[in-house]
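Structural features, examined
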Amino acid sequence: MASSEGFLTEEQREMLKIATQNADILSSSPKSPSPKSPKPLLSDHHVKAPGGGKTSATGGIAVRHVRRSHSGKYIRVKKDGAGGKGTWGKLLDTDRESIIDRNDPNYDSGEEPYELVGSTVCDPLDEYKKAVVSLIEEYFSTGDVDVAATDLRELGSNEYHPYFIKRLVSMAMDRHDKEKEMASVLLSALYADVISSAQISQGFFMLLESADDLEVDILDAVDILALFIARAVVDDILPPSFITRARKMLPESSKGFQVLQTAEKSYLSAPHHAELVEKRWGGSTHLTVEEVKKKIADLLREYVESGDTSEACRCIRQLGVSFFHHEVVKRALVLAMEIRTAEPLITKLLKEAAEEGLISSSQMVKGFVRLAESLDDLALDIPSAKTLFQSLVPVAISEGWLDASFLKSSGKDGEVQDKEDEKLWRFKKEVVTIIHEYFLSDDIPELIRSLEDLAAPEFNPIFLKKLITLAMDRKNREKEMASVLLSALHIEIFSTEDIVNGFVMLLESAEDTALDILDASNELALFLARAVIDDVLAPLNLEEIASRLPPNCSGSETVHVARSLVAARHAGERILRCWGGGTGWAVEDAKDKILKLLEEYESGGVVSEACQCIRDLAMPFFNHEVVKKALVMAMEKKNDRMLDLLQECFSEGLITINQMTKGFGRIKDGLDDLALDIPNAKDKLVFYVEYAKERGWLLPSFTLSAPEASSNLTASS
């Protein structure tokens, strides 16, 4: 006790002394204490049993583990004491119930007992999934593809993009056709630029694996998912081979396998399947130019019949194409000329629309300018068109709904005066007719002859600008025809500089073009990318075009989109079919076919059969590649059999003199590299050039350089 007393207060020592006395009393008498016995101040459980003996009163329970209740009964207590209702706790237990009061001024948080708190480990994939759900919901409500692409790019975690595809499609499957169409449009927009081709394939395969689960919540899940896959194939974001590969990896009893069968047999094998699949959910989420023009024509005719100006203004406002209101002005004026009794109603509508600010001053002027430019064509149907237009202009200006600035760009007779010289004006007028005839006949040689008859090669870039502008306002057939024609013109009469200048002019006026063509930027990007794929432009030419554009020009973004399209995986195949395709082959495929047909001819084929194969390629603008590969093969085989084929092709008109010259020119340009494999390539080329000139294959302007000419002298000596 001595060693422990140093830790006790005086009060505690006194209590310990009393407890010891009580213990001695209890140990001397096993009976219950009499009422006169001193009342213990500490609980009985501190008292030890004497000598291990047991008492009858406790029923064999050691005294230290029992205490007497107020009723006189013994009850078991906790080992070592400190427990039980009505007790004081253990001796030396100064903390009472060890309750820490946080309101105590001396409270120390370090005295709090340690607690192990379980925390959930954040999974990056779970966080990504939560983020993309809100992103997709926002896209479905706004329809803004650019914002969705930007948000996904800023989200990072590119390795999780397949989960985004799975979530986007699965959420769209449980919604209306509008959301399904929006999902397909977004996937096509994200392809290559944000999400890679491999990730798109992986995302769709994950959807196929979960098709059984999807069908539990979506009754027609198999058909909808099959349509999504077919749409992805039609949009060229999934290769057709995806279906074959995925089928091998799925069990035949799975719903995913059934989805692939439905996609292939019900959608992709049907006639005109591309058109059917694209229109299944209502087509594009945006109005096309043709649809807007039709709506404008319908509302104007309804207005002429009803005379309700406020309703007509409401319909114009509901169209939501304020940048296209010049079309309303133009069509309204034409309608006033066609139906003379409707002129007062038309002028009333235009005046009210201008006063309300519904049609802006610039759009009004633009509409009048467009009508003035087409007065010659309009006069063919309405002989009095020019006279009527001349009478409308002063009325509109005097009433205040046409700005007087219109007169600055028009003469007294109302016709727009071209500021350029007469030759350019005539050229522009002629080429429009030539292009329209080409769209009807698809006759490239006839168009080339017509251009050569105009004898204005300095205006070639203007022709290119007019060709693509007219094609963009038409269907995919005309766009494809324009790209094919551009390739042919590059071989025949257009230089690369002409092509570059033409595209620069197009991009500089892209904002004006967008007034007439809603999707002009994307269309121009496709034309640029197609020109690169067709070898009309080199990839470096895109950099040159971008550098020549003025600062802050919207065309710069178009060039950036074109570069992204070209850099995408399988770009050649995808871009070559962007408007339905002509041959449907990439340039690499065409080159491979040319090489094979020449090898077959070399191994003993017939000239007429080889010519037929070249004809079957249906790529007359690419026949210069036939000339180039035939000459290289002749150099390698050390025989002139290929010259017989070229002679036959030239005699039949299958390969033109311009294409022959282009093929020889490509050999000349790559002669240094060719000489590494064929030491006498230069001598051979000199011989072939002389041979070709004797037979009239080459243009007189084609010449060899000085080193090649000296090689000719050496060969002659």
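Heads up: the structure comes first, above all this text.
Summarised in this report is the structure supplied together with it. (Residues numbered from 1 in each chain as written. Predicted model: local features only at pLDDT ≥ 70, side-chain atom pairs only at ≥ 80, totals over all residues. Heavy atoms only, no water.)

Turning our attention to the overall build of the protein chain. A tally of regular secondary structure across the protein chain gives 37 helices and 2 strands. The proportion of buried residues among the 717 residues of the protein chain is 42%. For the protein chain, the exposed area adds up to about 38,900 Å²; of that, 51% sits on carbon and sulfur atoms. (Helix = DSSP H or I, 4+ residues; strand = E, 2+ residues; numbered from the N terminus. Buried < 20%, exposed > 50% of the residue type's maximum accessible area, 1.4 Å probe, protein only. Areas by Shrake-Rupley, 256 points an atom, 1.4 Å probe, with all protein chains shown as cover.)

Attention now moves to the packing of helix α4 (residues 145-155) against helix α6 (residues 177-190). Relative orientation of the contacting elements α4 and α6 amounts to 55°, with a least axis distance of 10 Å. With respect to α6, the element α4 is oriented oblique. Seen along the crossing, α4 lies across α6 with a hand that is right-handed. Residues Val 145, Ala 148, Ala 149 and Leu 152 of α4 touch α6, and the partners they reach there are Val 185, Leu 186, Ala 189 and Leu 190. Across the contact of α4 with α6, the residue classes tally to 8 nonpolar, no polar and no charged. (Axes fitted to C-alpha atoms, helices over the stretch in contact; angles between N-to-C directions. Parallel < 35°, antiparallel > 145°, perpendicular 65-115°, else oblique. Left-handed = near helix turned anticlockwise from the far one by under 90°. Contact = heavy atoms within 4.5 Å. Nonpolar A, V, L, I, M, F, W, Y, C, P; charged D, E, K, R; others polar.)

What follows covers the nonpolar core. Residues Phe 164, Phe 204, Leu 208, Ile 229 and Phe 242 are the most contacted members of the largest nonpolar core, which totals 61 residues. Sorting elements by how many residues they give to this core places helix α9 (residues 221-234) first, with 12 residues. Residues contacting Ile 229, with those up to four places away along its chain left out, are Phe 204, Leu 208, Leu 238, Phe 242, Ile 243, Val 259, Leu 260 and Ala 263. Core analysis: the second largest hydrophobic core is formed by 57 residues, Phe 459, Ile 468, Ala 488 and Trp 579 among them. (Core = buried A, V, L, I, M, F, W, Y, C linked by side-chain atoms within 4.5 Å.)

Quick look at the state of the cysteines now. If you walk through the whole model with that rule in mind, you get 0 disulfides. The thiol of Cys 313 is unpaired, and the distance to the nearest cysteine sulfur, on Cys 315, comes to 9.3 Å. Overall, Cys 315 belongs to the buried group, its relative accessible area being 19%. (Disulfide = S-S within 2.5 Å.)

Non-glycine residue Ala 455 carries a positive phi angle of around 50°. Its location among the elements puts Ala 455 in the loop between α21 (444-454) and α22 (460-472). A positive phi angle, close to 65°, is found at Asp 535, a residue other than glycine.

On to helix α17 (residues 361-373). Between its first and last C-alpha, α17 extends 18 Å over 13 residues, near the 18 Å set by a 1.5 Å rise per residue. Within α17, burial applies to Gln 363, Met 364, Val 365, Gly 367, Phe 368, Val 369, Arg 370, Leu 371 and Ala 372. (Expected span 1.5 Å × (residues − 1).)

What follows covers the packing of aromatic side chains. Centre distance and the angle of the planes are the two values used to describe a pair of aromatic rings. The tally for this structure, following the rule as stated, stands at 13 aromatic pairs. For the pair Tyr 160 and Tyr 163, a centre-to-centre distance of 6.3 Å together with 75° between the ring planes defines the contact as edge-to-face. Using a relative accessible area of 17% as the deciding quantity, one classes Tyr 160 as buried. Tyr 163 sits in the partly exposed class, given a relative accessible area of 29%. Between Phe 368 and Trp 401 the ring centres are 6.1 Å apart and the planes differ by 55°, which places this aromatic pair in the tilted class. Linking Phe 368 in helix α17 with Trp 401 in the loop between α19 (385-399) and α20 (422-441), this pair joins segments that are 33 residues apart in sequence. Under the relative-accessibility criterion, Phe 368 is labelled buried at 0%. A relative accessible area of 3% means that Trp 401 is categorised as buried. Connected via pairs of aromatic rings, a cluster forms that spans Phe 687, Tyr 688, Tyr 691 and Trp 697. (Phe/Tyr/Trp six-rings, centres within 6.5 Å; stacked < 30°, edge-to-face > 60°.)

The tally for this structure, following the rule as stated, stands at 26 salt bridges. With its nearest N and O atoms 3.3 Å apart, the salt bridge here joins Lys 629 to Glu 625. One end of the pair, Lys 629, and the other, Glu 625, are both in helix α32 (residues 624-637), 4 residues apart, so they sit about a helical turn from each other. Bridged by salt links that share partners, the residues Glu 480, Arg 530 and Asp 534 form one connected network. (Salt bridge = Lys/Arg side-chain N within 4 Å of Asp/Glu carboxyl O.)

Our next topic: α32. Between its first and last C-alpha atoms α32 spans 20 Å; for 14 residues at 1.5 Å apiece the expected length is 20 Å, and the two agree. In terms of residue burial, α32 counts as a mostly covered element, since 10 of its 14 residues are buried. All of the buried residues in α32 are His 624, Glu 625, Val 626, Val 627, Ala 630, Leu 631, Val 632, Met 633, Ala 634 and Met 635. Immediately beyond the C-terminal end of α32, within one or two residues, lies Lys 638, with a positive phi of roughly 60°.

Remember, this is a structural readout, not a statement about activity or role.
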